[in-house]
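# Chains, contacts and geometry: an overview
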Amino acid sequence: MTNREIARRLRETADLMEIAGEDPFRIRSYRRGADAVDQCPQAISGLIVEPKKILELPGIGKGLLAAIQELLTQGKLELREQLLQRYRPGMLELLQISGLGPKTIALIFERFQASSVDEVEKLARAGQLRTLPRMGEQSEAKILQGIEVWRKVSGRFLLNQAEAAAEAAKEWMLGIAEISSLTIAGSLRRGMETIGDVDLLACGEKLQGAAREAAGEHFVAMPGVEQVLGQGAEKASVRLHTGLQIDLRWLTPESLGAGLQYFTGSQAHNIALRGRAVQRGWKLNEYGLMQDEHIIAGETEAAIYQALGLEWIPPELRENSGELEAAEQGKLPRLVEVADLRGDVHMHTVASDGKSSIEEMADAALARGCEYIAITEHSQALAMARGLDAARARKHIQLIRDADAIYRQGRKPSTGGPERPLRIFTGLEVDILADGRLDMDNDVLAEMDVVIGSLHSKFDLPPAAMTRRILRAIENPHLRILGHLTARRLLRRAAVEFDFEAVLAACARAGVALEINASPERLDLNDRLARRCGQAGVPVVISTDAHQPRHFEHMRYGVLLARRAWLEPAQVLNTRGPDAFLAALRPR
Ligand code: DGT
Ligand code: CA
Ligand code: CA
Ligand code: ZN
């Protein structure tokens, strides 16, 4: 069990205790314990032999240690199971709905004995929830909205979570010598922003009969498996403790390409591709491209596409949104790659809500081969994140310049190799206030290289007011980039509503760039909007919004998204060198 899984169970137990009206002190201790487990850099499962170390974590006492030990040795927690029995598992789903906390759920259960999403939805539609104490029409509508969002996203996973599980499964299956290739397919290979389930394809000359059976046994015995959903000659499926499903399919070398093509999808792309095969009097399925019983292509994807008169199409484009036509005419874009990126221009340090110093971020960026970074703290409106006021911002600019003076001379990367220069630009992620003003004096903004404007509050303005707000921000000549423009949090908060085309046109006129925020919790802009940028000639930047060095890893998710948006290197400003990047920002 990973730290994240342990923490989730502790948190759920705390929520269930709150619904049951148990001792607030105990509830709080479970929540604090969950936080401590989440933040512990070492795997708790590895520390279990040294319980003293676990007790040293802040907020973990003897009671919680016992709970963690029980989770790790029994795989479950008796207290949680008992509470779940009392309320049936529907309670856990209710807890995931935004607008519904443990207190409200307890009230609903007490009055109506309702404990599932369906039951609560019915009550809300019937106008019954508003009759509860401290509830009204508005909170009822909020709950209905929350249920709608939950239905759309439930059962889906963030890209980084699915990727980590897929990589761990691949690693585990490497224990099987007969497997010669193991490939991720499905939505994960296409780089979708969220993932329904992980599709793995295993192939090997000798992966037949008893060997295949043994490999299947090995797969379902993987750590983290909660339930075996199926195990047969063609595939095996498991569900992990996290709820994520992994499908593993066995392919033969003759049909490896066909299987890879078929199981990568998307379904819409496959249907269109199959249509092209049928037009030629052929058949296309997961075993190959066939004319009657004769196989035309099957070993590689490229051969299948080629036989159908197409260039090989990168998985990120396979959504039946123009890629077949482009591939036929030899006009597929040269998609941007991680290696094209030369700088990262949105990040935070301890001065606001980051976890590391300017130097730590700079060293990490240098080690990753960056040529430049921009330090962009929050502004004061974001008090929670210790946002900077004008006086602190001025001081911070000086610190950044001091660091730049050192790093631009060249430094040895921690990964070895010769000295390399790193440029450190000044910047700010300034809040766009509700009325569209920027949360910082213009004369301070004027001194900064990279001024990113972002929405961090008042997400529920009516669309027309939201559009005016963003357009007004663009009118400020110091704004150079709009950060995570739709402010969505994947699986948690919907995008804000406004007239994107009007904003895009204003950006084009003013020379403002739009950010693709690479954080797997945001991926904002989404692929459709980012593609519109390319079409409208509005430049984008791909930024990690790193709050500590390990977030630099997220760059590849932003690149995946940019590829799904058909973007080429020239359309992404931070593929340029440091001076060319600055020169391409909105002119002052
Ligand atoms: P997900 O898992 O919801 O994130 O999305 P996918 O695209 O990974 O979907 P999944 O796992 O159901 O199936 C993987 C691929 O296999 C899918 O993209 C296309 C192909 N596929 C699966 N079932 C069907 C089907 O019934 N018809 C067709 N044409 N393709 C299918
Ligand atoms: Ca899938
Ligand atoms: Ca699947
Ligand atoms: Zn932000």
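Because the structure is predicted, anything quoted here is derived from the model rather than measured. (Residues numbered from 1 in each chain as written. Chains lettered and ligands numbered in written order. Predicted model: local features only at pLDDT ≥ 70, side-chain atom pairs only at ≥ 80, totals over all residues. Heavy atoms only, no water.)

## Considerations on the overall build of the protein
The line we're drawing: Segments assigned H or I by DSSP are reported as helices when at least four residues long, segments assigned E as strands when at least two residues long, and all are numbered from the N terminus. Two things to know: the radius of gyration comes from C-alpha atoms, and the globule rule equals 2.2 Å times the number of residues to the power 0.38. To sort residues, take the accessible area from a 1.4 Å probe on protein chains only and compare it with the maximum for the residue type: under 20% means buried, over 50% means exposed, and anything in between is partly exposed.
Tallying secondary structure elements over the protein gives 25 helices and 17 strands in all. Against the 2.2 N^0.38 benchmark of 25 Å for 588 residues, the protein shows a C-alpha radius of gyration of 26 Å, consistent with a compact globule. Viewed in the frame of its principal axes, the protein has a C-alpha envelope of about 75 × 65 × 55 Å. By residue count, 52% of the 588 residues in the protein fall in the buried class.

## Brief notes about the environment of methionine 173
Put simply, the test is: Here, residues are in contact when the closest pair of their heavy atoms is within 4.5 Å.
Within the secondary structure, methionine 173 is located in helix 11 (residues 159-173). The spacing of methionine 173 and phenylalanine 219 is 46 residues in sequence and 6.6 Å in space, taken between C-alpha atoms. Residue contacts for methionine 173: discarding those within four places in its chain leaves Ile179, Leu182, Ala215, His218, Phe219, Leu248 and Trp250.

## Side note on the coordination of the calcium ion (ligand 2)
Stated formally: The donor set covers N, O and S atoms within 2.8 Å of the metal, switching to 3.2 Å for Na, K and Ca, and it leaves out water, so a site may look short of donors. Metal sites are grouped by the angles between bound donors: all angles between 85 and 135 degrees with four donors is tetrahedral, opposite donors over 155 degrees apart with the others between 65 and 115 is square planar for four donors and octahedral for six, and any other pattern is irregular.
Protein ligation of the calcium ion (ligand 2) involves Asp197 (O), Asp197 (OD) and Asp199 (OD), the donor distances falling in the range 2.2 to 2.5 Å. Coordination at the calcium ion (ligand 2) is irregular: its 6 donor atoms span angles of 70 to 166 degrees at the metal. Separating the calcium ion (ligand 2) from the calcium ion (ligand 3) is a distance of 3.7 Å, and aspartate 197 supplies a donor atom to each of them. Judged by relative accessible area, aspartate 197 falls into the partly exposed class, the value being 21%. Judged by relative accessible area, aspartate 199 falls into the buried class, the value being 11%.

## A word on helix 2 (residues 24-39)
Going by this rule: Expected span of a helix: the number of residues minus one, times 1.5 Å. Polar contact is the term for a pair of N or O atoms within 3.5 Å; when the atoms are in protein, one must be able to donate a hydrogen and the other to accept it, and sequence-neighboring residues count only if both atoms are side-chain atoms.
Between the first and last C-alpha of helix 2 there are 23 Å, a value that for 16 residues agrees with the 22 Å anticipated at 1.5 Å per step. The complete set of buried residues in helix 2 reads Ile27, Tyr30, Gly33, Ala34, Ala36 and Val37. On its buried face, helix 2 is in contact with helix 1 (3-19), helix 3 (44-47), helix 5 (62-74) and helix 6 (78-87). One side-chain oxygen of the residue at the start of helix 2 lies 3.1 Å from the amide nitrogen of phenylalanine 25, identifying that residue as aspartate 23.

## Topic: the coordination of the calcium ion (ligand 3)
The coordination sphere of the calcium ion (ligand 3), as far as protein atoms go, consists of Asp197 (OD), Asp197 (OD), Asp199 (OD) and Asp247 (OD), spread over 2.3 to 2.6 Å. When the donor residues of the calcium ion (ligand 3) are listed from N- to C-terminus, their spacing reads D-x1-D-x47-D.

## Here we look at the side chain of asparagine 526
You can see asparagine 526 is positioned in the loop between strand 16 (513-517) and helix 23 (527-536). Exposure remark for asparagine 526: the relative accessible area of 17% places this residue in the buried category. A polar atom in the side chain of asparagine 526 sits 3.1 Å from the backbone nitrogen of arginine 528. Each residue touching asparagine 526, except ones within four places of it in the same chain, is listed here: Glu193, Arg488 and Leu561.

## Looking at the pairing of strand 14 (residues 450-454)
For the record, the criterion: What makes two strands pair is DSSP finding at least two bridges between them. Crossover handedness is defined by viewing with both strands directed away from the observer: a clockwise path from the first strand over the helix to the second marks the crossover as right-handed.
Burial runs high along strand 14: 5 of the 5 residues are buried. By the alternation rule, side chains of strand 14 split into Val450, Ile452 and Ser454 and Val451 and Gly453, which are all buried. Direction of pairing for strand 13 (residues 423-431) relative to strand 14: parallel, over a ladder of 5 bridges. Bridge pairing links glycine 427 to valine 450 in strand 14. Traced from strand 14 through helix 21 (residues 463-475) to strand 15 (residues 481-482), the parallel crossover comes out right-handed.

## Things to note about the sheet that holds strand 7 (residues 245-251)
This is how the line gets drawn: Axis geometry follows a simple rule: fit a line to the C-alpha atoms, using only the stretch in contact for helices, then measure angles between N-to-C directions, giving values from 0 to 180 degrees.
If you walk across this open sheet you meet the 5 strands as 2-4-7-6-5, and the pairing is mixed. Among the strands making up the open sheet, the edge pair consists of strand 2 (181-185) and strand 5 (225-231). When strand polarity is set aside, the average angle formed by the axes of neighbouring strands in this sheet is 20 degrees.

## Quick look at the pattern of salt bridges
Selection criterion: Salt bridge criterion: a side-chain nitrogen from Lys or Arg within 4 Å of a carboxyl oxygen from Asp or Glu.
Counting across every chain of the model gives 38 salt bridges. In this structure, the salt-bridge partner of glutamate 521 is arginine 489, at a minimum N-O distance of 3.1 Å. In this pair, glutamate 521 is assigned in the loop between strand 16 and helix 23 and arginine 489 in the loop between strand 15 and helix 22 (500-510), connecting sequence segments 32 residues apart. Within the structure, one salt-bridge network assembled from shared partners comprises Arg8, Glu12, Arg80 and Glu81.

## Some remarks on the nonpolar core
In plain terms, the rule: We call a set of buried residues a nonpolar core when its members are Ala, Val, Leu, Ile, Met, Phe, Trp, Tyr or Cys and they connect through side-chain atoms within 4.5 Å of each other. An automatic or database domain assignment is the source of the domain bounds shown.
Formed by 83 residues in total, the largest nonpolar core has its most connected members in Leu482 and Leu514. Counting contributing residues, this core receives three or more from each of domain 2 (158-328) and domain 3 (338-584). Counting residues in each nonpolar core, the second largest holds 50 residues, with Leu10, Ile27, Leu94 and Leu144 among its members.

## A look at the domain arrangement of the protein
What the domain assignment lists for the protein is domain 1 (1-87), domain 2 (158-328) and domain 3 (338-584). On a C-alpha basis, the centres of domain 1 and domain 3 stand 37 Å from each other.

## A few points about the site of ligand 1
Defined as follows: A cutoff of 4 Å decides nearness: a residue is near a molecule or strand if any of its heavy atoms lies inside that distance of it. Accessible areas in this description were obtained via Shrake-Rupley with a 1.4 Å probe; residue shielding takes into account the shown protein chains only. In the scheme used here, Gly and all other residues not listed as nonpolar or charged are polar, with Ala, Val, Leu, Ile, Met, Phe, Trp, Tyr, Cys and Pro taken as nonpolar and Asp, Glu, Lys and Arg as charged.
Contacts to ligand 1 come from 16 residues, most closely from Arg156, Ser187, Arg190, Gly196 and Asp197. Within the contact set of ligand 1, an oxygen atom lies 2.7 Å away from a backbone nitrogen or oxygen of glycine 196. A distance of 2.9 Å separates an oxygen atom of ligand 1 from a polar side-chain atom of aspartate 197. Burial of ligand 1 by the protein chains amounts to 70% of its free accessible area of 590 Å². Those elements that place two or more of their residues in the shell around ligand 1 are helix 12 (186-190), strand 4 (197-203), helix 14 (256-264) and helix 15 (267-279). Partitioned by chemical class, the residues of the shell around ligand 1 number 3 nonpolar, 8 polar and 5 charged.

## Quick look at the side chain of histidine 547
In this fold, histidine 547 is placed in the loop between strand 17 (540-543) and helix 24 (555-564). Accessibility expressed as a relative area gives 17% for histidine 547, which makes it buried. A distance of 3.1 Å separates the side chain of histidine 547 from the side chain of aspartate 353, its partner in a polar contact. Not counting chain neighbours up to four residues away, the residues in contact with histidine 547 comprise His348, Asp353, Gly354, Lys355, Ser356, Met361 and His378.

## Considerations on unusual backbone geometry
In the segment running from glycine 265 into serine 266, the intervening peptide bond is cis, with an omega of -5 degrees. On the secondary structure map, serine 266 appears in the loop between helix 14 and helix 15. Omega for the bond connecting aspartate 524 with leucine 525 falls within 30 degrees of zero, at 5 degrees, which places this linkage in the cis form. Structurally, the position occupied by leucine 525 is in the loop between strand 16 and helix 23. Its identity as a non-glycine residue notwithstanding, asparagine 320 has a phi of 55 degrees, on the positive side.

## Concerning helix 14
Across the 9 residues that make up helix 14, a large majority, 7, are buried. Listed as buried for helix 14 are Gly257, Ala258, Gly259, Leu260, Gln261, Phe263 and Thr264.

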